[in-house]
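Report on the structure
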Amino acid sequence: MVDILGAASGTNIYGERQQKLDVIANDTMKQMISWTGRVCVMASEEDDEPFPIPEEFNPGKYAMLHDPLDGSSNFDFNVSIGTIFSIHRRVSGSGPGTLEDCLQKGRNQVAAGYVMHGSSTVLVYTTGDGVHAFTMDPTIGEFRLINPNIETPPVGKYYSINESYYHRWSNGYRRVVSAFKGSDGVDHRKNARYIGSLVADFHRNLLAGGVFMYPADSETPDGKLRLLYEAAPLAFIAEQAGGAATDGKQPILDIQPTSLHQRTPLLIGSKEDVAYVEATIAEVDGA
Ligand code: FBP
């Protein structure tokens, strides 16, 4: 427990100062998974390049992409954070995997999930057959099934967006957020919740219904969140739970990745709420 909080010495490919816990989590994921014979390559939000599994570890048939610890601005303050993973079947031949195995559309995922490190440790995953949640029972050190076949309400209670960026938003997003505050009467009114940890904000909306928005804006023209490590795995879960996930224009799962660390705007959650936001920004900002 000594000396694990605060910033590490390095920066990641985004120029962000890595937190010590980022590095510990990233190393732990690689140490625990790379030798299992199940994966051929691992790609992490914290590593510039993919990590091809060496021959002596019997590279397996899956490519694994992960955000070892999401919610870095909350690490030191005991706020819920998460670990996100996305699994694809390899497309390259045998042996150590390649970048090609990582740059696959989200629609090709065979599994995706996250672990939320909060008041309890919760694992949520899908393999394309519904979404299931488990809680870690520390008395036996095992995850117990608590919520099988999760379905997200089509219209949700919450909206989640960092409103301190209001001045950077398009008029479309300003219209949406004021509608959620009741500017057009009660029709779209919702309660505001923003933790600043994507996994925690997503998990609440997955269960209670709601919409999380991290749009492109004047300072982040491509949005902030990472397509392969954050948006695509959560989009697979959202769609499997009857929700939706888009970049404002197209489903996240249909975006063909062109680089390992590409960002995307993200609009995710209850199906009708995502549709309402998309329709409003198309009407106000133009298609
Ligand atoms: P990392 O912590 O993995 O870099 O993730 C990005 C993130 O922290 C998300 O968890 C969260 O939704 C978002 O950034 C918060 O960004 P902002 O502080 O701009 O609202």
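As a starting point, this report considers the structure included with it. (Residues numbered from 1 in each chain as written. Predicted model: local features only at pLDDT ≥ 70, side-chain atom pairs only at ≥ 80, totals over all residues. Heavy atoms only, no water.)

Let us look at the overall build of the protein chain. Scanning the protein chain from N- to C-terminus turns up 6 helices and 15 strands. Its C-alpha radius of gyration of 19 Å places the protein chain within 12% of the 19 Å reference for a compact globule of 287 residues. Expressed as a percentage of contacts within the protein chain between residues at least 6 apart in sequence, the contacts between residues at least 24 apart total 60%. The positive charge centre, built from 24 side chains, and the negative charge centre, built from 36, are 4 Å apart in the protein chain. (Helix = DSSP H or I, 4+ residues; strand = E, 2+ residues; numbered from the N terminus. Rg over C-alpha atoms; globule rule 2.2 N^0.38 Å. Contact = heavy atoms within 4.5 Å. Lys, Arg positive; Asp, Glu negative; His and termini not counted. Charge placed at Lys NZ, Arg CZ, Asp CG, Glu CD.)

Moving on, we get to the pairing of strand 13 (residues 210–214). Within strand 13, 5 of the 5 residues are buried, leaving the element largely enclosed by the surrounding structure. Here strand 13 shows a buried face lined by Gly-210, Phe-212 and Tyr-214 and a second buried face lined by Val-211 and Met-213. Here 3 bridges tie strand 11 (residues 158–160) to strand 13, and the two strands are oriented parallel to one another. The partner of Ser-160 across the bridge, within strand 13, is Phe-212. (Buried < 20%, exposed > 50% of the residue type's maximum accessible area, 1.4 Å probe, protein only. Pairing = 2+ DSSP bridges.)

Let us now look at the sheet that holds strand 12 (residues 191–192). Strand pairing in a sheet relies on backbone hydrogen bonds, with the paired strands running either antiparallel or parallel. The strand order 12-11-13-15-14 describes an open sheet built from 5 strands, whose pairing is mixed. On the outer flanks of this sheet lie strand 12 and strand 14 (244–246), each paired with one strand and no other. Its contacts with the sheet place helix 6 (residues 271–285) against strand 13, strand 14 and strand 15 (266–269), and it is angled at close to 150° to strand 15. (Axes fitted to C-alpha atoms, helices over the stretch in contact; angles between N-to-C directions.)

To continue, consider the sheet that holds strand 9 (residues 131–137). Strand order in the open sheet made by the 8 strands is 4-3-5-6-7-8-9-10, with mixed pairing throughout. This sheet does not close on itself; its edge strands, each paired only once, are strand 4 (51–52) and strand 10 (142–147). Sheet analysis places strand 3 (residues 39–44) next to strand 5 (residues 62–70), joined by 5 bridges and oriented parallel. Residue pairing across strands places Ala-43 opposite Leu-65, the latter belonging to strand 5.

The final tally for this structure, using the stated rule, is 7 aromatic pairs. Counting every residue linked through ring pairs, the aromatic cluster contains Tyr-159, Phe-180 and Tyr-276. Positioned above the aromatic ring of Phe-51, the side-chain terminus of Lys-30 is 5.6 Å from the ring centre. One residue, Arg-168, lies across the ring of Tyr-165, its end atom 3.9 Å from the ring centre. (Phe/Tyr/Trp six-rings, centres within 6.5 Å; stacked < 30°, edge-to-face > 60°. Lys NZ or Arg CZ within 6 Å of the ring centre and 35° of its normal.)

Turning next to the pairing of strand 15. Taking every second residue as pointing to the same face, both faces of strand 15 are buried, with Leu-266 and Ile-268 on one and Leu-267 and Gly-269 on the other. In this sheet, strand 15 lies alongside strand 13 in antiparallel orientation, the contact comprising 4 bridges. Pairing of Tyr-214 across the sheet is with Leu-266, part of strand 15. One ladder, built from 3 bridges, connects strand 14 with strand 15; its direction is antiparallel. Bridge pairing links Thr-246 to Leu-267 in strand 15.

Lining the immediate environment of the ligand, one finds 17 residues, of which Ser-72, Asn-162, Tyr-165, Tyr-194 and Tyr-214 sit closest. One nitrogen or oxygen atom from the main chain of Leu-198 is found 2.8 Å from an oxygen atom belonging to the ligand. Tyr-214 is positioned with one of its side-chain polar atoms (N or O) 2.6 Å from an oxygen atom of the ligand. Contact with the protein chains removes 91% of the 470 Å² of surface that the ligand exposes when unbound. Among the detected pockets, the ligand sits in the largest pocket. Every element with two or more residues in the shell around the ligand is listed here: strand 5 and strand 13. Ranked by residue count, the leading element in the shell around the ligand is strand 5, at 3 residues. Class assignment for the residues of the shell around the ligand results in 6 nonpolar, 5 polar and 6 charged. Residues from two domains meet in the shell around the ligand; each of domain 1 (7–147) and domain 2 (158–285) gives at least three. (Near = heavy atom within 4 Å. Polar contact = N/O pair within 3.5 Å; in protein donor to acceptor, adjacent residues only side chain to side chain. Areas by Shrake-Rupley, 256 points an atom, 1.4 Å probe, with all protein chains shown as cover. 1 Å grid on protein atoms, 1.4 Å probe; cavity = no way out; pocket = protein on both sides within 12 Å on 5 of 7 lines; lining within 4 Å. Sits in = over half its atoms within 2 Å of the grid points. Nonpolar A, V, L, I, M, F, W, Y, C, P; charged D, E, K, R; others polar. Domains from an automatic or database assignment.)

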